[in-house]
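Take a look at the letters that make up each chain.
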Amino acid sequence: MCTVCGCGTANLVDAHTHEAVVTGPTGRVHGLLGHDHGHSHSHEHGHSHEHGQEADHHHEPAVTAIDFGKGLAGVSIAGLSQERTISIERDILSKNNAYADANRGRFRDAGVFAMNVLSSPGSGKTSLLVRTILALRDRWSVAVIEGDQQTSNDAERIRQTGAQAVQINTGKGCHLDAHMVGHALEQLSLEPGGLLFIENVGNLVCPAAFDLGEACKVVVLSVTEGEDKPLKYPDMFAAAALMLLNKSDLLPHLDFNIDACLAAALRVNPRLQILTVSARTGEGLGAFYAWIEGRAAATKTPMARLG
């Protein structure tokens, strides 16, 4: 249920039909509220359907999959054309992108390297950030923006490392947007040449589409989630520059095919860089620190920024 991107209860009104609609992941509309178009459904016993004519009750073979994402808009909505759906999506994302550009300019002027860290809930994002901050804090100024629907638990964990942290609670919202991040930046003292981690709300769908002004997206996938996640949620992995395959210390206890997982991720995004890590043991994190520092150093260099 998201009242930010609308994938749940946030209402928009279609200017042409004056019907209430809801927008979905990546700003796409994926539902129609209050739709009354001759449908009457009763499921007390068997099936009883009215669609303006007597229903035919013979049963067809079961359908194994229904794809509502084949159209130009990537989603199919009762009562809305593909063109209208695309128009609503563009309007939502264009407003977000204006705020993202402002954030990006702020990061660029300060030489701050900003990363948008994304994953499903429970992948270990916060644990990874805590360990990363402890490793880098003597060489880099670090600040963190935490996104969750409720509580300040993660921000409090981050502050225990000595780093600045601001918590954003999104309520029913399932992702951060650039406007929220802009407000959070007002509460931070970003030091020139520092690092900013934006830990997004745990969700592999909506956050992929919303630019926050970051230099890059880092997606975290834990080995407990299954090797086919990149194929199930391709938008997220296509948008990322780096994938951290976390919880490698659990591999001896799981039936997880690393080769299949890496192949799936690279099938979605052939340019994706991948590191296998463990937030608990520290395995592979040296390479992650080096990845961050190399890009952060380029961000601090004026000639690199001009290039």
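Only a predicted model underlies this, so the values are computations on that prediction, with no experimental measurement involved.

1. Regarding the pairing of strand 8 (residues 164-169)
For step 1, the next point in the chain: Where strand 7 (residues 142-148) lies against strand 8, 6 bridges are found, and the strand directions are parallel. Counted as the bridge partner of V144 is A165 from strand 8.
For step 2, the next point in the chain: Between the parallel pair strand 7 and strand 8, the chain is carried across by helix 3 (residues 153-159), and the sense of this crossover is right-handed.

2. Description of the packing of helix 2 (residues 125-136) against helix 8 (residues 285-300)
The description of two helices packed together rests on the angle between their axes and the distance between the axes.
For step 1, the next point in the chain: One way to put it is that helix 2 packs onto helix 8 with a least axis distance of 11 Å and a crossing angle of 70°. Judged on the interaxial angle alone, helix 8 and helix 2 are roughly perpendicular. The hand of the helix 2/helix 8 crossing is right-handed. Packed against helix 2, whose contacting residues are L128, R131, T132, A135 and L136, the element helix 8 presents L285, F288, Y289, I292 and E293 at the interface.
For step 2, the next point in the chain: Residue classes in the contact of helix 2 with helix 8 are distributed as 7 nonpolar, 1 polar and 2 charged.

3. Notes on helix 4 (residues 178-185)
For step 1, the next point in the chain: Of all the 8 residues making up helix 4, 6 are buried; the element is thus mostly covered by neighbouring parts of the structure.
For step 2, the next point in the chain: Residues A178, M180, V181, G182, A184 and L185 constitute the buried set of helix 4.
For step 3, the next point in the chain: Where helix 4 begins, the capping side chain belongs to D177, and its oxygen is found 3.1 Å from the backbone nitrogen of H179.

4. Comments concerning the pattern of salt bridges
Charged atoms that come close allow side chains of opposite charge to pair.
For step 1, the next point in the chain: Enumeration over the complete set of coordinates arrives at 8 salt bridges.
For step 2, the next point in the chain: For D211, the salt bridge is made with R104, and the minimal N-O distance between the two is 2.5 Å. Here R104 lies in helix 1 (residues 82-110) and D211 lies in the loop between strand 9 (195-199) and strand 10 (216-222), a separation of 107 residues in the sequence.
For step 3, the next point in the chain: The partner of E225 in a salt bridge is K229, and the shortest N-O contact between them spans 3.0 Å. Taken as a pair, E225 and K229 share a single burial class, namely buried.
For step 4, the next point in the chain: What you see here is one network of salt bridges that share partners, running through D101, R104 and D211.

5. Remarks on the sheet that holds strand 8
For step 1, the next point in the chain: Judged by pairing direction, the sheet is parallel, and its 7 strands sit side by side in the order 8-7-9-6-10-11-12 without closing on themselves. Looking at strand neighbours, the two that pair on one side only are strand 8 and strand 12 (273-276), the edges of this open sheet. Taking each pair of neighbouring strands and ignoring which way they run, the sheet shows an average axis angle of 20°.
For step 2, the next point in the chain: Summarising the sheet, strand 6 (residues 113-119) and strand 10 pair through 5 bridges and their orientation is parallel. The residue of strand 10 that forms the bridge with L118 is V219.
For step 3, the next point in the chain: In the packing of helix 4 onto the sheet, the strands contacted are strand 7, strand 8 and strand 9, and the crossing angle to strand 8 comes to about 140°.
For step 4, the next point in the chain: The sheet strands contacting helix 8 are strand 6, strand 9, strand 10, strand 11 (242-246) and strand 12, and the helix crosses strand 6 at an angle near 140°.

Procedures and definitions
- Residues numbered from 1 in each chain as written.
- Predicted model: local features only at pLDDT ≥ 70, side-chain atom pairs only at ≥ 80, totals over all residues.
- Heavy atoms only, no water.
- Pairing = 2+ DSSP bridges.
- Helix = DSSP H or I, 4+ residues; strand = E, 2+ residues; numbered from the N terminus.
- Right-handed = clockwise from strand over helix to strand, strands pointing away.
- Axes fitted to C-alpha atoms, helices over the stretch in contact; angles between N-to-C directions.
- Parallel < 35°, antiparallel > 145°, perpendicular 65-115°, else oblique.
- Left-handed = near helix turned anticlockwise from the far one by under 90°.
- Contact = heavy atoms within 4.5 Å.
- Nonpolar A, V, L, I, M, F, W, Y, C, P; charged D, E, K, R; others polar.
- Buried < 20%, exposed > 50% of the residue type's maximum accessible area, 1.4 Å probe, protein only.
- Polar contact = N/O pair within 3.5 Å; in protein donor to acceptor, adjacent residues only side chain to side chain.
- Salt bridge = Lys/Arg side-chain N within 4 Å of Asp/Glu carboxyl O.

These results come straight from atomic positions and should not be treated as a statement about function.
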